[in-house]
Amino acid sequence: MVRAWAGLLMAVVVASAGVHAATRPPKFEYFITTLSNGLTVILSEDHSTPIAHVELWYHVGSKNERPGRTGFAHLFEHLMFKGSKNARPDQHTSVIASVGGLSNAYTTEDMTVFWETVPTQYLPLVLWLEADRMASLRIDEATFANERDVVKEERRMRVENQPFGRLSEIIYDQAYSVHPYKHPTIGFMADLEAASVADVRAFYETYYVPENAVLTVIGDFDIEEALGLVTQYLGRVPKATRPVPREIDAEPPQTEERRVVLTEPFPLPVVVVAYHITYDGHPDSYPLHIASKILSDGQSSRVYQRLVYEDRLALAAFGGGNIIEDPNLFFAVAIVQPGRTPAEAERALIAELDRLIDEPVSEAELRQAKNQFARDYIVGRESNQQKASQLAHAAVIHADVTTADGEFDIFMGISSDDVQRVARTYFRPENRLVLTILPAATRGTRSDRGQ
Amino acid sequence: MFESDRSPPSVTPVGLHARRLIALAALVAAQVFASGSAWAQRTAADWPTEQPPRALPAPEVDFPDYEVRTLSNGLQVMVVPHHEQPAVSVRLLIKAGAAQDPRGKGGVARLLAAVMDQGTTTRSAPEIATAIDSIGGGLGTGAASDLTFVSAVVMKDSFDLVMDLLSDVVRNPVFAADEVERQRQQTLSGFQVSLNDPEYIAEIVFDRLVYGFHPYSLPESGTPASVAAIARDDLQRFHATYFVPNNAIVAVVGDVPAEEAFSAVERVFGDWAARDLPTTEPARPPEPTRRLVVIDKPDAVQTEIRAGHLAIPRRHPDYMALTLAVNILGGEGSNRLHRVLRTERALTYGASADMVALRSSGDIEAETDTRSEASTEVLRLLVDEFWAIRRNRVNPRELSDAQAYLTGHFPLTIETPTAIAQQILNVLFYELDLAELDTFRQRVDAVSVDDIQRVAREYLKPDRLSIVLVGDARSFADQLPGLGFGEFEVIPLADLDLADVNLGGRGVQRSVQPD
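Residues numbered from 1 in each chain as written. Chains lettered and ligands numbered in written order. Predicted model: local features only at pLDDT ≥ 70, side-chain atom pairs only at ≥ 80, totals over all residues.

As for the pairing of strand E11 (residues 362-371) of chain B
Residue and element names in this part refer to chain B. Of all the ten residues making up E11, ten are buried; the element is thus mostly covered by neighbouring parts of the structure. With nine bridges connecting them, strand E9 (residues 302-310) and E11 associate as antiparallel partners. By the bridge assignment for E11, His309 is matched with Ile364. Of the strand pairs in this sheet, strand E10 (residues 351-357) and E11 are connected by seven bridges, and their pairing is antiparallel. Each residue of the ladder has a partner; that of Met355, found in E11, is Ile364. (Buried ≥ 20, exposed ≤ 12 C-beta atoms within 10 Å, placed from the backbone. Helix = DSSP H or I, 4+ residues; strand = E, 2+ residues; numbered from the N terminus. Pairing = 2+ DSSP bridges.)

Encoded structure:
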C-alpha cells in the first residue's frame, strides 16, 4: 500500500518539476511486458557496440532467509552454476567464457542477480542457459557439500581475514532486533554447515519461479527478434504453482538511544552513529539521498572537511543512507586517527548530523548535491550492464520501471526544507545507535612497524 | 506486511513507434500458445533434453574512431568522441611513477599525487574541492609503478572549466607544508590498516622477492620509514623533473567534438615548456631464485598465497604467446588453477595467474587464498600446475578456448568511452604500434600449441619460484618439508623489514629435505 502512494507522489512531482540546473541524462527507451508464466521482460536496444547484456533478477535475498539458515540465498546463487538438465556443472560459466563473454552473479539483502555480457550473436545461447537453470536445476549431495566449502572460503576471505571485515555485520547485529537485515548476506558458518539439499529444493521451488523474476536485456538487437528469443526459451518455463511468500518481520521502532562499546581485532578504533530510516522509494528517501551527498560526496563535503581535513580526527569518515527495499540505516562512520579519541570523533559526527536539523542546507550545497546526482545518473548509464541494473532495480524494488527515469525529476525538486524535515524525522537521539569499536590486542601483530 | 502490490504490467510503450508496437503485441499474444504447459508441475522430467542453440550471424567489429596528435611541445593528445551520454572525461598521464622515487624515499610519487590537488599558486585545497564538486564533477589523482595521473569527469557544459582546473593542478601545485603533512599523516595511518591486511602484505613481500632491489621491488606507497623521510623538496624536485609535456599523454573522451577537444588542450597546455628528461636506465632485476617466505600472522584464518617470478616487459615479441600460456594456467577462458583448487577441491574462493608486464620488466604471479590448515596442500597443487604447463603440451582445446575468450571478448572491451581510451593509452604509453589495435584478433589467433610450449619452457621456472605465504604459520609450516618445500623462512609479521636482505627474519630456519 505504501508503494502505491509513493508512485502517485512521483507523478505529481514530475508534472510540477521546474528549471533544471543540472544536465539531464537522456531517457531510456525500452519495452516491457509480462509473459504468461509471470516473467517480467524488459528489452532495450543499444546499437553502439555489437554486444548484449542479459540480467536476470530474482526477487529473493538474505532477508528472505529462515532463522538458522543465514547465508542460504547467497549459497543458492552459487549452486545455480552447478548444472541443470542440459548443462553440466560449471558449463554455464565455461561456455560463456569460450565465446569471449563475461558472466557472474551477486546476492544482496533484497535480490539475487545473474548476468552475462556476450557478443550479440550469442544472445540465444545465454537465454537458453538461463531458462535451463530456471526450469531444471540439478544438485546432488557432493556438489552441494563442495560449493558450501567454497562459500565458507569466501566468508573467510571477505569477512574474517580482512581488517575491519566484520564492521558491517557488527553494525547490523547491534542495530536490528527482529528484521532479517540483522544478519549478513554471507551468513554465519554454523548456519552454512546446517543447510541441506532439502533446503535447496524448497528454496528453488519457492523463489526461483518466473513470476519472481525480471529479465532485462540490452544490446545490439531488434526488440522484435529479442522478444521472440526470450519467449522461445524462457516462455516455456512452467508457471509457479503457488504464490511467492512475502511476509517478513518488521523491525519495531526504537524508543531510546543505544550505546555499545565493543572490542575487535581492528587496526584502529571505529565510531559508528546509525539511525533507523525508511525504505527505497518512500518520499523521505530522496531528501535522505541528498543529505548523504552533502555529508560525504567529494572533498568539499561536510564530513570530509570537518573530520578528515580540518580537525584531522579520522583516517576516513563517511555519512550516508543505505536506502534499500525495507527500512534500513543512515549511518556515519569514522576510522579514528592514531592519537585522537573515539569520543572526539563521535561528537564531530553527531554535530554534523545535528547541523542538518538545526539549520537549512545552503542553496549552493543543495545545487551541488543535485549536480552530483545528475553526474551519478549520467556516468552510471554508460555500459549496458549499468543501464540494465537501473531498469531492473526500478522494476523489482519499486515495482515500477518508470522510476528509472522518473526519480531524476524528484531529486531536482528537493528543497532545503525537505532535507531539514527528514533530518528532524530520523536523526533523533532515541532513534540512534552509537557504536564504538576498540582495537583488541592481537597476538604477534604490531601495527607500528613492518617496512 | 510486505505483500507485493505489483500487478503484472501490460505491454507498455516507451519511446517506440506505434507500428513496431503492433508487431510486438502480436508476438506477446503468440507466446501464450508457445508456453501452453503453463500450469504443469515444475519438474525437470517435462523439460526437453537438447543441445544449446546456434549463434546468430556474427557482425563485423572494428576499433572505434579516435585521433592522436602531438603538440609542438611534445605533449601527446588523444581524443575519443562518444556522444551517448552528456559527459566528458579527461585523463593526463605522466610517464614517471614510484619506480622513479629517489633511493630511500619510496612513496614520493604517491605522496606527490595526493598533494597535487591540495593547492596551486592560485587555488587553495578547499577551493579546488568546491570548484569540482559544485559542478557535480569528479577529480582524482594517483601514482603507480611507471606513471602518475590526474583524471576528471564533468558534464559537457563544464568542459572548459575542468581543463583549466586540470592544467592548474598538473602545472602549478605548491605542495604547501601543512598539506604535505596532512597527506603524510593519512599515508602513515593508512599503513596501520594495510600492514594488517594479509593481501597487501603478500603483494609487497612477493614484489620484494621477485625484484630484489630493482625499483619495482618496493611498495608504490613506500614504507612507514621512507614516507617519514620524504621532504617537501623531494616532491618539488620530482615535479620539476618529470612533469613536462614531452613526458605526458592527455586523453579527452566523451561528448565533445574532436576539434573542440584539441583546441582546449592547446589552450591550457600549449605554452607548457618542454624539457629534457634524465636518461637513467634502472638496474636489472635479479635472476629468479627459489625462496619461500612465510609471514606469520597468528590471528589469520586463511593463508594468502603468492607464487611466481620475473618474466618479460610489455614491449616484448613473446608478449602475446606468454599471455595465452598464463591464461591457460590461471586466466579467463581456461583457468587450470581455478579448476584444480576451487571446482574440484573447494579449497578456495578464487585462484588465478596473471602476467604483469611493465615498462622495464614484468613478472608472472599466481595467487589464491585458503583456510590455514590447507595451505601446504594448496601450495603443492599450485606449484604442480607450473610444472605441468612446462612439461606437457597444452591440449589444443585449452588453447582455442583461451584464444576464443580473447578474440570474442574484443567487442566487450570497446563498449564504454573509458574502456576505449584505456586501450589507446596503453599503446601510447608502452610506445607500441597503434596498428596493433586493429590486428588484435590476428595476433591472438597466430599463437600455436608449439608457441605455448616454447614460451612455457623458456619463461616458466617452477624450480625457481618466489613464494609467499601470509598466515598462521603454526597451522601449516610443519607440513611444508613433507610436501617438497624443505627450505623456508618464517618471519613474524611484526619483524617484517623490506629493506633487510633477510626481510627482518633470521634467514632459512629449516632444511629437512631437498625439494
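Some details on the domain arrangement of chain A
Residue and element names in this part refer to chain A. For chain A, the assigned domains are domain 1 (26-234) and domain 2 (258-439). Here the C-alpha centroids of domain 1 and domain 2 sit 28 Å apart. The partner domain 2 presents 30 residues to the 33 residues of domain 1 that form the contact. Mapped onto the side of domain 1 that touches domain 2, the elements with two or more residues apiece are strand E1 (30-34), strand E2 (40-45), strand E3 (51-58), strand E5 (112-119), helix H6 (167-175) and strand E6 (213-219). (Domains from an automatic or database assignment. Contact = placed C-beta atoms within 7 Å.)

Digging into unusual backbone geometry
Look at Arg312(A): it is not a glycine, yet its phi comes out positive at around 50 degrees. You can see Arg312(A) is positioned in the loop between helix H11 (302-310) and strand E9 (314-321). Of note, Glu431(B) is a non-glycine position whose phi angle comes to about 55 degrees, a positive value. Turning to its location among the elements, Glu431(B) is positioned in the loop between helix H14 (417-429) and helix H15 (440-445).

Quick word on helix H14 (residues 384-397) of chain A
With 14 residues, H14(A) ought to run about 20 Å at 1.5 Å a step, and its terminal C-alpha atoms sit 19 Å apart, in line with that. Summarising burial for H14(A): 13 of the 14 residues are buried, a large majority. (Expected span 1.5 Å × (residues − 1).)

Observations regarding the interface of chain B and chain A
With 105 residues of chain B in contact, the opposing surface of chain A contributes 102 residues. Looking at the side of chain B that touches chain A, its residues break down into 55 nonpolar, 30 polar and 20 charged. (Nonpolar A, V, L, I, M, F, W, Y, C, P; charged D, E, K, R; others polar.)

Digging into the environment of Asn392(B)
Residue and element names in this part refer to chain B. Structurally, the position occupied by Asn392 is in the loop between helix H12 (375-391) and helix H13 (396-409). Exposure remark for Asn392: the 10 C-beta atoms within 10 Å place this residue in the exposed category. Note: C-alpha distance between Asn392 and Gln453 (61 residues apart in sequence) is 7.6 Å.

A closer look at the sheet that holds strand E8 (residues 270-276) of chain A
Strand pairing within a sheet occurs via backbone hydrogen bonds; the two strands may be parallel or antiparallel. All names here are of chain A. The five strands are arranged E7-E11-E8-E10-E9 in an open sheet whose pairing can be described as mixed. With partners counted over all chains shown, the strands left at the sheet margins are strand E7 (258-264) and E9, one partner each. Shown here is a sheet whose adjacent strand axes are inclined to one another by a mean of 10 degrees, direction ignored. Summarising the sheet, E7 and strand E11 (residues 432-439) pair through seven bridges and their orientation is parallel. Within E11, the residue paired with Val261 across the bridge is Thr436. In this fold H6 packs onto E7, E8, strand E10 (329-336) and E11, with an angle of close to 140 degrees to the strand it touches most, E11. (Axes fitted to C-alpha atoms, helices over the stretch in contact; angles between N-to-C directions.)

A few points about the domain arrangement of chain B
All names here are of chain B. Taken domain by domain, chain B comprises domain 1 (67-269) and domain 2 (291-511). Here domain 1 and domain 2 have C-alpha centroids that lie 29 Å from each other. Counting from both sides, the interface comprises 29 residues of domain 1 and, opposite them, 31 residues of domain 2. For the side of domain 1 that touches domain 2, the secondary structure elements donating two or more residues are strand E3 (76-81), strand E4 (87-94), helix H6 (198-211) and strand E7 (248-254). Its residues assigned to classes, the side of domain 1 that touches domain 2 comprises 18 nonpolar, seven polar and four charged.

Focus on the packing of helix H4 (residues 123-136) of chain A against helix H9 (residues 223-234) of chain A
All names here are of chain A. Where H4 contacts H9, the axes come no closer than 9 Å and their chain directions differ by 30 degrees. The angle between H4 and H9 places the two elements in the roughly parallel class. Classified by chirality, the crossing of H9 by H4 is right-handed. Residues Leu123, Pro124, Leu127, Trp128, Glu130 and Ala131 of H4 touch H9, and the partners they reach there are Ala226, Leu229, Val230, Tyr233 and Leu234. Taken together, the residues of the contact of H4 with H9 break down into ten nonpolar, no polar and one charged. (Parallel < 35°, antiparallel > 145°, perpendicular 65-115°, else oblique. Left-handed = near helix turned anticlockwise from the far one by under 90°.)

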